[in-house]
Amino acid sequence: MQALRNIWFLALATCTEGIRHRALWAIVCLSVLLTFANLSVTTLFTWDLGKVSVEFGLSAVAFTGLLLVFFLGMKILADDLERSRIFMLLSRPVSIWQYLAGKFLGLAMILLLATIILGLSAALSIHYVLWQYPGFMPPNFSWVSYAMALACQWMSLVMVLSVSVLCFSFASHPFVALLLAVSSYLVGQNMELLRRVVVENAHAGVLTGQDNLVFALSWIFPNLSLFDKKYAAAYGIVFSCQEFVLLCLYAISYSALIIYLATLLFKRKELA
C-alpha cells in the first residue's frame, strides 16, 4: 500500500508541475489554433470536406501529444536531475521503480487531459464543418468511431512516453534521449508498413527474406500504426470492441514492460 501511495503522490505532483508549466499551455494554445484552422483549411478542398476535417482534427491532437512527450515530458525528467530533486525523493522511502512509475503516470495524466481538451475542440470544429457543408458528410460517420480513434491516439502517445522514459533512463544527456525517442517513434509509426512490404513483396531489396528480423523489430519497437484510426473515424468505420480491447491490452503490457526495463537501466545510471 505504501508503494502505491508513493506512486500516486509522485503522479499527482508530476501532473501538477506539468499543468503549471508554461510550455504546456503554449503547446495547447498552438494546437487549439491548429484545430480551429480546420474551419478554413477544409474549405480549400472541393471534395471530402468531412473526411479532411476529421483527419485534420485528429492530426492536431497527435501533433500536440508528441510535443508534450518530447519536450514537456523530457524537460520535467531532466529538471529532476539538473536540480537534484531526484536525490531528495530517493533519499526518502521511494524506490527507483516507484519514482519512474509515478513520473510516467503523471505525464500520462497530462496527456489524457490534453487529449480530452483538444479532442473536444477538434470535435467542435468538425461539427461546424459538417453542419456548414452537410452534403460532404462522410458516409456512416459516427462520433463513437471518433471517440475510439481519440482513445487509440492517447494510447499510442502513452507508448511513446514509455519509450521516452526508457531512453531517459540510460542516455547520458537529455538531448541524446530526445533523439533516441524521436527515432523510436519514427520506426514504430512505420513498423506495420515495413512488415507488409517484407512479407507481401518478394522484391524488398536487402530486406527480402528477413521476416524473422522484422518480426523481432515489431516486438521491440511499438507498432504505433495499429493505433492510427484517423481513416476509420473519417469514414465512420467502427472497429470491433474486441480489436479495441486487444489494443488496450497491448498498450498496457508494452508500457509496463518498458517501464520495468527502464527501472533496471536507471539503477545502473550514473546520477552524480
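These figures come from a predicted structure and were not determined experimentally.

Caption draft 1: Broad picture of the layout of surface pockets. For the largest pocket, the calculated volume is near 530 Å³. The set of elements that each furnish at least two residues to the lining of the largest pocket consists of α9 (191-200), α10 (211-220) and α12 (241-267). Counting residues per element, the lining of the largest pocket draws most heavily on α12, at 6 residues. When grouped by side-chain class, the residues that make up the lining of the largest pocket number 8 nonpolar, 6 polar and 4 charged.

Caption draft 2: Just the packing of helix α6 (residues 96-132) against helix α7 (residues 143-170), in detail. Two elements in contact, α6 and α7, have axes whose closest approach is 9 Å; the angle formed by their N-to-C orientations is 150°. Classified by the interaxial angle, the pair formed by α6 and α7 is roughly antiparallel. Judged by the twist between their axes, the crossing of α6 over α7 is right-handed. For the pair formed by α6 and α7, the contact residues are L100, F104, L107, A108, L111, L112, T115, G119, A122, A123, I126 and H127 on the first element and W143, Y146, L150, W154, L157, V158, L161, S162 and V165 on the second. Considered class by class, the residues forming the contact of α6 with α7 number 17 nonpolar, 4 polar and no charged.

Caption draft 3: Just empty space enclosed by the protein, in detail. In total, this model carries 2 cavities of 30 Å³ or more according to the counting rule given. Looking at the largest cavity, its volume works out to about 50 Å³. The wall of the largest cavity is formed by L68, V69, L72, G73, L107, I110, L111 and L161. Counting residues per element, the ones that place at least two in the lining of the largest cavity are α4 (49-82) and α6. Among the elements that take part in the lining of the largest cavity, α4 stands out by supplying 4 residues, more than any other. Per-class residue counts for the lining of the largest cavity are 7 nonpolar, 1 polar and no charged. Here the second largest cavity defines a volume of roughly 40 Å³. Lining the second largest cavity we find L24, W25, V28, I110, L113, A114 and I117. Among the elements that take part in the lining of the second largest cavity, α6 stands out by supplying 4 residues, more than any other. Of the residues belonging to the lining of the second largest cavity, the class tally is 7 nonpolar, no polar and no charged.

Caption draft 4: Seen up close, the confidence of the model for the chain. Looking at the chain, the pLDDT average stands at 80 and 83% of residues meet or exceed 70. Within the chain, the lowest mean pLDDT, 67, falls on helix α3 (residues 38-41), and the highest, 91, falls on α12.

Caption draft 5: Geometry of the side chain of S162. Tracing the sequence through the fold places S162 in helix α7. The exposure class of S162 is buried, given its relative accessible area of 0%. When neighbours within four sequence positions are excluded, S162 is seen to be in contact with F104, Y254, S255, I258 and I259.

Caption draft 6: Summary view of helix α8 (residues 174-189). Over its 16 residues, α8 runs 22 Å from end to end, which matches the ideal 22 Å to within 8%, given 1.5 Å per residue. Those residues of α8 not exposed but buried are A177, L178, A181, S184, Y185 and G188. Seen along its axis, α8 keeps its buried residues to an arc of 130°; they face one direction.

Caption draft 7: Expanded view of a nonpolar patch on the surface. A surface patch of nonpolar side chains, amounting to about 300 Å² of accessible area, comprises F170, V176, L180 and L265. Inspection of the secondary structure puts F170 in helix α7.

The rules we used
Residues numbered from 1 in each chain as written. Predicted model: local features only at pLDDT ≥ 70, side-chain atom pairs only at ≥ 80, totals over all residues. Heavy atoms only, no water. 1 Å grid on protein atoms, 1.4 Å probe; cavity = no way out; pocket = protein on both sides within 12 Å on 5 of 7 lines; lining within 4 Å. Points joined across faces, edges and corners; volume = space filled by probe spheres on them. Helix = DSSP H or I, 4+ residues; strand = E, 2+ residues; numbered from the N terminus. Nonpolar A, V, L, I, M, F, W, Y, C, P; charged D, E, K, R; others polar. Axes fitted to C-alpha atoms, helices over the stretch in contact; angles between N-to-C directions. Parallel < 35°, antiparallel > 145°, perpendicular 65-115°, else oblique. Left-handed = near helix turned anticlockwise from the far one by under 90°. Contact = heavy atoms within 4.5 Å. pLDDT = per-residue confidence, 0-100. Buried < 20%, exposed > 50% of the residue type's maximum accessible area, 1.4 Å probe, protein only. Expected span 1.5 Å × (residues − 1). Arc of directions from axis to C-beta. Patch = residues over 30% accessible without salt bridge, like charges linked within 9 Å, V, L, I, M, F, W, Y side chains within 5 Å. Areas by Shrake-Rupley, 256 points an atom, 1.4 Å probe, with all protein chains shown as cover. Salt bridge = Lys/Arg side-chain N within 4 Å of Asp/Glu carboxyl O.

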